[in-house]
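Listed below, chain by chain, are the residues.
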Amino acid sequence: MNTSRLAPLRPLHLVMLGGTGFVGTQLLPRLVAHGHRISVLSRNREQHRALAVLPGVSVHSADVYDRGVLLAHLHGADAAINLVGILNETGSARFRKAHVDLTATLVAACREAGVRRLHQMSSLRAGEGKSMYLITRGEAERVVRASGLQWTIYRPSVIFGRGDGLVSRFAALLRQLPVLPLARPHSKLAPVAVENVCAAIAQCVASPASIAQTYELYGPELLELIRIVRMICAAAGLRRLILPLPDTLGYLQARIGELLPGKPISVDNFKSLALDSIGQSDGLAALGIAPQRFSARLPELLHPQHGHAALLDAARRVSGLASADRPRLAP
């Protein structure tokens, strides 16, 4: 596929919500390499000052649930990117608030500010099943599709990469426990590399061809959850018994997990895993992006960079991305 039609005509001013999270911090260097200027809205700017090492990135303390605050930051912007999402409810962080209410507020603010372009992060199987995570992701998609904006929706499977919540979480559990009981062991996943997800978003940021498109983003390996956990165990050099649980005991584990620090598993996670996280339409192929294999990357993922080191490394890579990955800009 000829991806030149995906190249932006000029550098853009982008407003990013959720830019301090796992995907956002990986996406920012790529957008900077394309020449874009990005305003990242965060609850606490001081906690994310390290993002300022990236040229063209500014971080602002902002209540993204406040329409007036969003409106002030959106004035003069070319597009909004909404990466906000939660996997579990804790305290005031609720699925409907984070996914549906925020999306509706952002859509209203975009309309008022004259921002026509919206990029929305979602999930494979959004709107299906009994999980409130998936249900509210689906509701948010309906808000976006009915917005009248020039939207693009991204539906990834479970995302892996340095500092992810998949490999790092299971590796920590395996190091702590001689036996790991595993709920929904035969749930199927198609893990997708965070670099691939970011490449997809970066390509689509100013692409007329991607307007009103939904991209399912998934990797080339279809793996059962128990296979993934065994691969992590082996790559970490551990000898552990991984005990597959029937659904009755898996549900009990999820109920107990909700009470533990960090919620290693919740009832909503358990419900999400009832649906295989696999796609039907290969969005990476449609965008001409070669998918990375989870199995090939796994050894490296067990030794991730964090914090300032990762951001400084990303900043150093900006110049490399700019030469190898920057779209041609019209004069």
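Cut-offs used in this document
Residues numbered from 1 in each chain as written. Predicted model: local features only at pLDDT ≥ 70, side-chain atom pairs only at ≥ 80, totals over all residues. Heavy atoms only, no water. Helix = DSSP H or I, 4+ residues; strand = E, 2+ residues; numbered from the N terminus. Buried < 20%, exposed > 50% of the residue type's maximum accessible area, 1.4 Å probe, protein only. Contact = heavy atoms within 4.5 Å. Areas by Shrake-Rupley, 256 points an atom, 1.4 Å probe, with all protein chains shown as cover. Patch = residues over 30% accessible without salt bridge, like charges linked within 9 Å, V, L, I, M, F, W, Y side chains within 5 Å. Salt bridge = Lys/Arg side-chain N within 4 Å of Asp/Glu carboxyl O. Phe/Tyr/Trp six-rings, centres within 6.5 Å; stacked < 30°, edge-to-face > 60°. Lys NZ or Arg CZ within 6 Å of the ring centre and 35° of its normal. Axes fitted to C-alpha atoms, helices over the stretch in contact; angles between N-to-C directions. Parallel < 35°, antiparallel > 145°, perpendicular 65-115°, else oblique. Nonpolar A, V, L, I, M, F, W, Y, C, P; charged D, E, K, R; others polar. Pairing = 2+ DSSP bridges. Right-handed = clockwise from strand over helix to strand, strands pointing away.

A. Quick look at the overall build of the protein chain. Each helix and strand in the protein chain was counted, giving 12 helices and 13 strands. Counting all 331 residues of the protein chain, 51% fall into the buried class. Of the contacts formed within the protein chain by residues at least 6 apart in sequence, a portion of 77% connects residues at least 24 apart. About 14,800 Å² of surface is accessible on the protein chain, with carbon and sulfur atoms providing 54% of the total.

B. Here's a closer look at unusual backbone geometry. Even without being a glycine, Ala 212 presents a positive backbone phi close to 65 degrees. Following the sequence through the fold, Ala 212 ends up in the loop between α6 (194-204) and β11 (213-217). The backbone of Lys 263 shows a phi angle near 45 degrees, a positive value even though the residue is not glycine. Checked against the element boundaries, Lys 263 lands in the loop between α8 (247-257) and α9 (267-272).

C. Here's a closer look at a nonpolar patch on the surface. A contiguous nonpolar surface patch, about 350 Å² in accessible area, is contributed by Leu 249, Leu 252, Ile 256 and Leu 260. Mapped onto the elements, Leu 252 comes out in helix α8. For Leu 252, a relative accessible area of 46% puts it in the partly exposed group.

D. Layout of the pattern of salt bridges. With the rule as written, the count across this model stands at 12 salt bridges. For the salt bridge of Glu 128 with Arg 125, the shortest nitrogen-to-oxygen distance reads 2.9 Å. Classification of Glu 128 as partly exposed rests on a relative accessible area of 32%. With a closest N to O distance of 3.0 Å, Arg 145 and Glu 141 form a salt bridge. Of this pair, Arg 145 and Glu 141 both sit in helix α4 (residues 132-145), four residues apart, which is roughly one turn of the helix. Connected through salt bridges with shared partners, the residues Arg 162, Glu 195, Arg 297 and Glu 300 form a single ionic network.

E. Up close: the packing of aromatic side chains. All chains considered together, the criterion is met by four aromatic pairs. Taken together, a centroid distance of 5.3 Å and an interplanar angle of 80 degrees make the contact between Phe 160 and Phe 294 edge-to-face. In this pair, Phe 160 sits in strand β7 (residues 159-160) while Phe 294 sits in helix α11 (residues 294-301), placing the two residues 134 residues apart along the sequence. Comparing Phe 160 with Phe 294, the two get one shared label, buried. Here the guanidinium or amino end of Lys 97 rests over the ring plane of Tyr 65, the centre of that ring lying 4.6 Å away. Here Arg 184 stacks its cationic end above the ring of Phe 270, 3.8 Å away from the centre of that ring.

F. Local environment of the packing of helix α3 (residues 95-113) against α4. Interaxial distance between α3 and α4 falls to 8 Å at its minimum, and their mutual angle equals 10 degrees. In terms of orientation, α3 and α4 fall into the roughly parallel class. Residues Phe 95, Arg 96, His 99, Val 100, Thr 103, Ala 104 and Val 107 of α3 pack against Met 132, Tyr 133, Thr 136, Arg 137, Glu 139, Ala 140, Val 143 and Val 144 of α4. Class assignment for the residues of the contact of α3 with α4 results in nine nonpolar, three polar and three charged.

G. Spatial organisation of the pairing of strand β4 (residues 79-82). Burial of the side chains of β4 extends over both faces: Ala 79 and Ile 81 are buried on one face and Ala 80 and Asn 82 on the other. Note: strand β1 (residues 13-17) against β4, four bridges, orientation parallel. The residue of β4 that forms the bridge with Leu 17 is Asn 82. Here β4 pairs with strand β5 (residues 117-121) via four bridges, running parallel. Paired with Ala 79 across the strands is Arg 117, a residue of β5. The parallel pair β4 and β5, bridged by α3, forms a crossover whose chirality is right-handed.

The values reported here are purely geometric and, on their own, carry no functional implication.
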